[in-house]
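Structural characterization, general
Chain by chain, the residues:
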Amino acid sequence: MKKDGWKGVAMGRLREMVTRAARGKRRSPQVARFLLDEDTELLHLRTELAAQTYEPGPVRPMWIQDPKRRLISVIPFRDRVVQHLLIDTTLQAIERRMAPQSHACRKGHGTHRALREAMGWTRARRWVLKVDIRKFFPSIDHELLRRRLHSVTPVSWRWLSDRFIDAPYEGEQVHLWFPGDTLWTPVERPHGLAIGSLTSQIWANFYVSALDHLLAAGLGIGSFVRYCDDWLVWHDDPQVLRNALAQMQQAAQRLRLRLHPSKTRLYRTTDPVSFVGFVLRRRGDGVIVHLRKDSLRRFRQRVRLMRSLFQAGAIEASEVRSRVQAWLAHARHGHTRRLVEAVMEDIVF
């Protein structure tokens with residue numbers, strides 16, 4: 001394979017990737033060590049990339065509870081730098097393939113834009129189909145992902161995306177069987193993307209975009225919103241949504257994914273439906289938007305932790321203020337004025 005594509009990876013571009021990867025993480029000992037000897041680290045990286053000898057380092061698995069128990073993988077900082085480089089090279093081509101109704105991990109989108117669009121469709125339609133993928137990240141098939149990524153990755157960069165796809169997977173183990181599989185197929189086919197890295201977020205979002213295009217182009221239903229592996233699809237005719245669900249199940253199977261049996265269901269828009277941390281419900285000509293109770297519970301837990309850290313001198317008042325203000329800005333996207341007032345009365349340091 002020709003390596004000419006790597007002659008253009010200048011030190012200046014690598015430094016820019018370091019700045020992106022270190023944003024918000026400069027207090028980390030691993031990041032600080034890298035930055036202390038940045039020139040040497042970047043020279044090593046550049047040499048490995050040019051020779052195509054770069055290999056991702058070992059990850060550190062860690063369980064978190066936000067909002068549910070998940071196994072995430074903490075990758076070495078130098079790998080974060082390389083992932084930013086790879087995504088910077090391929091993101092424009094990926095974005096051209098994405099539907100406008102998808103809002104996760106995209107510039108100019110995000111949870112609050114997804115919420116606003118969901119409010120608009122909830123106000124305008126009578127029925128909504130909620131679709132969720134069961135064990136989404138652990139189920140993503142490596143070979144199918146590789147094919148999709150190669151279609152948006154320059155030939156001279158494909159070896160690098162393959163390195164991250166083929167890296168040892170330290171996440172949750174899931175084995176699902178699909179039509180045509182043998183007993184050993186789920187074991188023989190590598191699958192699973194580790195939660196916690198930039199490539200996993202972008203690639204998972206791109207992997208499942210086929211279902212967006214099925215809805216919009218294949219079925220002519222543009223009234224939907226997706227955030228990662230959660231869809232809300234609206235229509236005035238419930239039978240149209242039942243047919244769409246059957247088509248989405250088949251499309252998910254082709255990607256070796258399975259819809260969540262209990263979280264995927266049809267609602268009237270007058271029923272409460274959860275999405276991106278809020279609960280939406282149509283009432284008359286308007287929409288009521290409440291914060292989910294578990295979101296409030298987690299915030300109260302974080303406040304208790306911050307109070308302890310602040311009293312111990314481990315964090316500054318400015319950091320506490322910044323975190324509280326960020327949550328308040330999020331909460332205020334719903335009808336939460338009284339709730340916010342009650343929470344603020346409890347925040348005493």
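In the block above lies the structure referred to throughout.
Below: a short report on this structure. Just so it is clear, the structure is predicted and the values come from calculations on it, not from any experiment. (Residues numbered from 1 in each chain as written. Predicted model: local features only at pLDDT ≥ 70, side-chain atom pairs only at ≥ 80, totals over all residues. Heavy atoms only, no water.)

**Observations concerning the overall build of the protein chain**
The cut-off we apply is this: Strands are runs of DSSP state E lasting at least 2 residues, helices are runs of H or I lasting at least 4, and numbering of each runs from the N terminus. Atoms considered for the radius of gyration are the C-alpha atoms alone. The globule rule reads 2.2 Å times the number of residues to the power 0.38. Here's how the labels work: a residue is buried when its accessible area is under 20% of the maximum for its type, exposed when over 50%, partly exposed in between, all with a 1.4 Å probe on protein chains only. It only takes one pair of heavy atoms within 4.5 Å for two residues to be counted as in contact. Each accessible area value is a Shrake-Rupley result obtained with a 1.4 Å probe; residue values ignore everything except the protein chains displayed when judging cover. By the counting rule applied here, Lys and Arg register as positive and Asp and Glu as negative, while His and the ends of each chain are not counted. Working definition for charges: the position is that of NZ of Lys, CZ of Arg, CG of Asp or CD of Glu.
Broken down by element type, the protein chain carries 15 helices and nine strands. A compact globule built from 349 residues should have a C-alpha radius of gyration of about 20 Å, and the protein chain, at 22 Å, falls within 12% of that. Evaluated residue by residue, the protein chain yields a buried proportion of 45% over its 349 residues. For the protein chain, contacts bridging at least 24 residues in sequence account for 73% of all contacts bridging at least 6. Per element, the accessible surface of the protein chain, about 18,200 Å² overall, is 51% carbon and sulfur. Across the protein chain, 60 positive and 35 negative side-chain charges occur, with their mean positions spaced 5 Å apart.

**Overview of the sheet that holds strand 7 (residues 273-275)**
Put simply, the rule is: At least two DSSP bridges between two strands are needed for those strands to be called paired. The convention used is that axes are lines fitted to C-alpha atoms, helices contributing only their stretch in contact, and that angles between N-to-C directions extend from 0 to 180 degrees.
Ordered in space as 7-8-9, the three strands form an open sheet in which the pairing is antiparallel. The two strands at the open ends of the sheet, each matched to only one other strand, are strand 7 and strand 9 (286-291). Neighbouring strand axes in the sheet, compared pairwise and without regard to direction, differ in orientation by 30 degrees on average. Direction of pairing for strand 7 relative to strand 8 (residues 278-283): antiparallel, over a ladder of three bridges. Residue pairing for strand 8: S274 is matched across the bridge by V279.

**A look at the pattern of salt bridges**
Put simply, the rule reads: Think of a salt bridge as a Lys or Arg side-chain nitrogen and an Asp or Glu carboxyl oxygen that are within 4 Å of each other.
This structure, assessed with the given rule, holds 17 salt bridges. The residue D88 makes a salt bridge to R20 at a minimum N-O spacing of 3.0 Å. Here the residue D88 occupies a position in helix 4 (residues 77-97), and R20 occupies one in helix 1 (residues 11-22), the gap between them amounting to 68 residues. Given a relative accessible area of 28%, R20 falls into the partly exposed group. We note a salt bridge from R163 to E55, for which the minimum N-O separation is 3.2 Å. Taken together, the positions of R163 in helix 8 (residues 158-166) and E55 in the loop between helix 3 (38-51) and strand 1 (60-65) put the pair 108 residues apart, joining distant regions of the chain. The class of R163 is partly exposed, set by a relative accessible area of 23%. Look at the salt bridges and you will find they share partners, linking R13, E16, R20 and D88 into a network.

**Description of the environment of Q247**
Within the fold, Q247 resides in helix 12 (residues 238-254). Residue classification places Q247 among the partly exposed residues on the basis of a relative accessible area of 33%. Put simply, Q247 and R304 are 57 residues apart on the chain and 46 Å apart in space, counted from C-alpha to C-alpha. Contacts of Q247, omitting those with residues within four sequence positions, involve L214 and L219.

**What about the sheet that holds strand 5 (residues 230-235)?**
The four strands are arranged 4-5-3-6 in an open sheet whose pairing can be described as antiparallel. This sheet does not close on itself; its edge strands, each paired only once, are strand 4 (224-227) and strand 6 (265-268). The sheet shows a mean angle of 20 degrees between the axes of neighbouring strands, taken without regard to direction. Examined bridge by bridge, strand 3 (residues 127-132) and strand 5 share six bridges and lie antiparallel to one another. Bridging across to strand 5, L129 finds its partner in V233.

**Re unusual backbone geometry**
The phi dihedral of Q52 falls on the positive side, at around 60 degrees, and the residue is not glycine. Here Q52 shows up in the loop between helix 3 and strand 1. A relative accessible area of 13% places Q52 in the buried class. Positive phi, close to 60 degrees, is recorded for R256, a residue that is not glycine. Structurally, the position occupied by R256 is in the loop between helix 12 and strand 6.

**Notes on the state of the cysteines**
As a reminder, the rule being used: Disulfides are defined as cysteine sulfur pairs within 2.5 Å.
Throughout the structure, instances matching the rule amount to zero disulfides. Note on C105: no disulfide assigned, nearest cysteine sulfur contributed by C228 at a separation of 6.5 Å.

**A short note on helix 11 (residues 209-218)**
Along helix 11, the residues that are buried comprise S209, L211, D212, L214 and L215. For helix 11, the elements touching its buried residues are helix 4, helix 7 (142-150), helix 10 (198-207), strand 4, strand 5 and helix 12. Of the residues one or two after helix 11, G220 is the one with positive phi, at around 70 degrees.

**Details of the environment of F137**
With respect to the helices and strands, F137 occurs in helix 6 (residues 136-139). Here F137 falls in the buried class, since its relative accessible area comes to 12%. C-alpha separation for the pair F137 and G171, spaced 34 residues apart in sequence, amounts to 8.7 Å. Once residues within four sequence positions are removed from consideration, F137 is found in contact with G192, L193, I195, S200, Q201, A204 and C228.

**Digging into the pairing of strand 8**
Here strand 7 folds back onto strand 8 in antiparallel fashion, the turn holding two residues, of which V276 has a positive phi close to 45 degrees. Sheet analysis places strand 8 next to strand 9, joined by six bridges and oriented antiparallel. Bridge pairing links R282 to V287 in strand 9. Remark: two residues form the turn of the hairpin made by strand 8 and strand 9, two consecutive strands paired antiparallel; G284 in that turn has positive phi of roughly 65 degrees.

Any link to function would need more than the numbers given here.
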